[in-house]
Amino acid sequence: MKGKERAKLAAAGCAVGAVNGIFGGGGGMIVVPLLAGTAKKPPLVAHATAILVILPVCLASAAVYLAGGWFDAELFIAVSLGMLAGGAAGAKLLNAISPKAATVAFAAVMFAAGIRMIF
Amino acid sequence: MRFLVYLAAGAAGGLLGGMGMGGGTVLIPILTVLCGVPQHMAQSVNLFSFLPMALFSLRIHAKNGLLDARGTPWMIVPASALSVLFGILVQEVAPAVLRTCFGVFLCALAVYQVFGALRAAPAQKKQAKSN
């Protein structure tokens, strides 16, 4: 890996960290295209390795939110259990639908939720 | 009752996340808009609930040989440092302001995802032809 690529990854890392700290998530969505583009990893490897990159970053920001008094054990347990079950179902469902149509439909829902939060 | 509502919210977030869409970014609006959870709390629970899920996925990915850590420290170190710094700064931001900013971030991500999907589609077609 050349110096220029390292600098690019470090600069992107700064953006990922800022987003993750401010919004409590979303950094992974920036990591995947960078690992595929700049670090030239195949798509599946880029997706898997993005989790490896974002895990310590989330751990660091989670500690800050905990120190700030933002932690609710009941909420955490309920959401985590739901996510594990939903995640397994979603991974299975992925094979049954058209990825492009799903992404566009999903983006529309995200956009609507975003507008709802702005106003 | 409260537990069941949060369980359903987590399942909805996990379902979309498992399909590779948005990951945690969907869980936060589900919790704030639909369940009335404060913005900072929703962001915190998103970070915490990601941890067990990530460990679980990493074990599977490692077994399948899909992890390639070369070059990743160049991202992990500055990202971790800045996430702590901005995490501390955001603790002082008013929930209403943070919620508005999150809404803008969500809209931007939605637009970015649509462009990504539209760009990837012709490339796949081209590849199919050359095969």
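Residue positions are given per chain, counting from 1 as you read along its sequence in written order. Lettering of chains starts at A and numbering of ligands starts at 1, both following the order in which they are written. For a predicted model such as this one, the threshold for reporting local features is a pLDDT of at least 70, and the threshold for listing and counting side-chain atom pairs is 80 or more; totals across whole chains, interfaces and linings nevertheless cover every residue.

**Observations concerning the overall build of chain B**
At step 1: When helices and strands are counted, chain B shows five helices and zero strands.
At step 2: Listing every helix and strand of chain B by position from the N terminus yields α-α-α-α-α.
At step 3: Residues with at least 20 neighbouring C-beta atoms inside 10 Å of their own are called buried, those with 12 or fewer are called exposed, and the rest are partly exposed, where every C-beta is derived from the backbone. Looking at chain B as a whole, 45% of its 131 residues are labelled buried.
At step 4: By the convention adopted here, residues make contact when the C-beta atoms placed from their backbones lie within 7 Å. Within chain B, counting contacts between residues at least 6 apart in sequence, those at least 24 apart form 43% of the total. Secondary structure follows DSSP: runs of H or I at least 4 residues long count as helices, runs of E at least 2 residues long count as strands, and numbering of each begins at the N terminus.

**Regarding the overall build of chain A**
At step 1: Scanning chain A from N- to C-terminus turns up five helices and zero strands.
At step 2: Ordering the α and β elements of chain A from the N terminus gives α-α-α-α-α.
At step 3: Expressed along its principal axes, the backbone C-alpha trace of chain A runs to roughly 45 × 40 × 30 Å.
At step 4: Per-residue burial over chain A gives 48% buried out of 119 residues.
At step 5: Summarising the internal contacts of chain A: among those between residues at least 6 apart in sequence, 38% fall at separations of at least 24.

**Quick look at the interface of chain A and chain B**
A common way to express how large an interface is: the accessible area buried when the components associate.
At step 1: If you look at the interface, chain A gives 77 residues, while chain B gives 79 residues.
At step 2: Within the side of chain A that touches chain B, the residues separate by chemical class into 52 nonpolar, 19 polar and six charged. Gly counts as polar in this scheme, as do all residues outside two lists: the nonpolar Ala, Val, Leu, Ile, Met, Phe, Trp, Tyr, Cys and Pro, and the charged Asp, Glu, Lys and Arg.

**Let's talk about the domain arrangement of chain A**
At step 1: Note: domain ranges come from an automatic or database domain assignment. In terms of domains, chain A is made up of domain 1 (1–70) and domain 2 (72–119).
At step 2: Each of domain 1 of chain A and domain 2 of chain A was reduced to a C-alpha centroid, and the two centroids are 20 Å apart.

**Things to note about helix α1 (residues 2–18) of chain B**
At step 1: Here the expected span of a helix is defined as 1.5 Å times the quantity of residues minus one. A rise of 1.5 Å per residue sets the reference length of α1 of chain B, with its 17 residues, at 24 Å; its end C-alpha atoms lie 24 Å apart and thus fit the reference within 8%.
At step 2: Taken together, the buried positions of α1 of chain B are occupied by Tyr-6, Ala-9, Gly-10, Ala-11, Gly-13, Gly-14, Leu-15, Leu-16, Gly-17 and Gly-18 of chain B.

**Some words on the packing of helix α2 (residues 28–37) of chain A against helix α3 (residues 43–67) of chain A**
All names here are of chain A.
At step 1: Between α2 and α3, whose axes approach to 8 Å, the crossing angle comes to 135°. Of the possible angle classes, the one that applies to α2 and α3 is oblique. The handedness of the crossing between α2 and α3 is right-handed. Note on element contacts: α3 touches α2 through Pro-43, Ala-46, His-47, Thr-49, Ala-50, Val-53 and Ile-54, opposite Gly-28, Val-31, Val-32, Leu-35 and Ala-36.
At step 2: A class-by-class count of the residues in the contact of α2 with α3 yields nine nonpolar, three polar and no charged. Throughout, an axis means a line fitted to C-alpha atoms (over the contacting stretch in the case of helices), and angles, computed between N-to-C directions, take values from 0 to 180 degrees. Working definition: roughly parallel below 35 degrees, roughly antiparallel above 145 degrees, roughly perpendicular at 65 to 115 degrees, and oblique for all remaining angles. In this scheme, a crossing is called left-handed if the near helix is turned counterclockwise away from the far one by less than a right angle; it is called right-handed if the turn is clockwise.

**Digging into unusual backbone geometry**
Residue and element names in this part refer to chain A.
At step 1: Residues other than glycine seldom take positive phi values, yet Lys-40 does so here, at roughly 55°.
At step 2: Within the secondary structure, Lys-40 is located in the loop between α2 and α3.
At step 3: Judged by local crowding, Lys-40 falls into the partly exposed class, with 13 C-beta atoms found within 10 Å.

**Considering the nonpolar core**
Taken as a class, soluble globular proteins show a tendency for nonpolar side chains to be buried jointly.
At step 1: Any nonpolar core is a set of buried residues, restricted to Ala, Val, Leu, Ile, Met, Phe, Trp, Tyr and Cys, that join up through C-beta atoms within 7 Å. Within the largest apolar cluster, 67 residues are counted, with the highest numbers of intra-cluster contacts made by Val-31 of chain A together with Met-75 of chain B.
At step 2: Residue contributions to this core reach at least three from each of two domains, namely domain 1 (1–70) and domain 2 (72–119) of chain A.
At step 3: If near-sequence neighbours (up to four positions away) are discounted, Val-31 of chain A is found in contact with Val-16, Ala-50, Val-53 and Ile-54 of chain A together with Met-75 of chain B.

**Observations regarding helix α4 (residues 73–91) of chain B**
At step 1: Taking 1.5 Å of rise per residue, 19 residues should cover 27 Å, and α4 of chain B covers 27 Å from first to last C-alpha, within 8% of that figure.
At step 2: Looking only at α4 of chain B, the buried set comprises Trp-74, Met-75, Ile-76, Pro-78, Ala-79, Ser-80, Leu-82, Ser-83, Gly-87 and Val-90 of chain B.

**Overview of the confidence of the model for chain B**
At step 1: The pLDDT value tells you how sure the predictor is about a given residue, anywhere from 0 up to 100. Confidence along chain B averages 86 in pLDDT terms, with 86% of residues attaining 70 or more.
At step 2: Mean pLDDT in chain B bottoms out at helix α5 (residues 95–130) of chain B, which sits at 78, and peaks at α4 of chain B, which reaches 97.

**Section: the packing of α3 of chain A against helix α3 (residues 39–63) of chain B**
At step 1: Running from N to C, α3 of chain A and α3 of chain B cross one another at 150°; their axes reach a closest spacing of 9 Å. Considered as vectors, α3 of chain A and α3 of chain B are oriented roughly antiparallel to each other. For α3 of chain A against α3 of chain B, the interelement crossing comes out left-handed. Two secondary-structure elements touch here, α3 of chain A through Ala-48, Ile-51, Leu-52, Leu-55, Cys-58, Leu-59, Ser-61, Ala-62 and Tyr-65 of chain A and α3 of chain B through Gln-43, Ser-44, Leu-47, Phe-48, Phe-50, Leu-51, Ala-54, Ser-57, Leu-58 and His-61 of chain B.

**Considerations on the environment of Val-84 of chain B**
At step 1: By the element assignment, Val-84 of chain B lies in helix α4.
At step 2: We classify Val-84 of chain B as partly exposed; it has 18 C-beta atoms within 10 Å.
At step 3: Residues in contact with Val-84 of chain B, not counting those within four places in the same chain, are Gly-21, Ala-60, Ser-61 and Val-64 of chain A.

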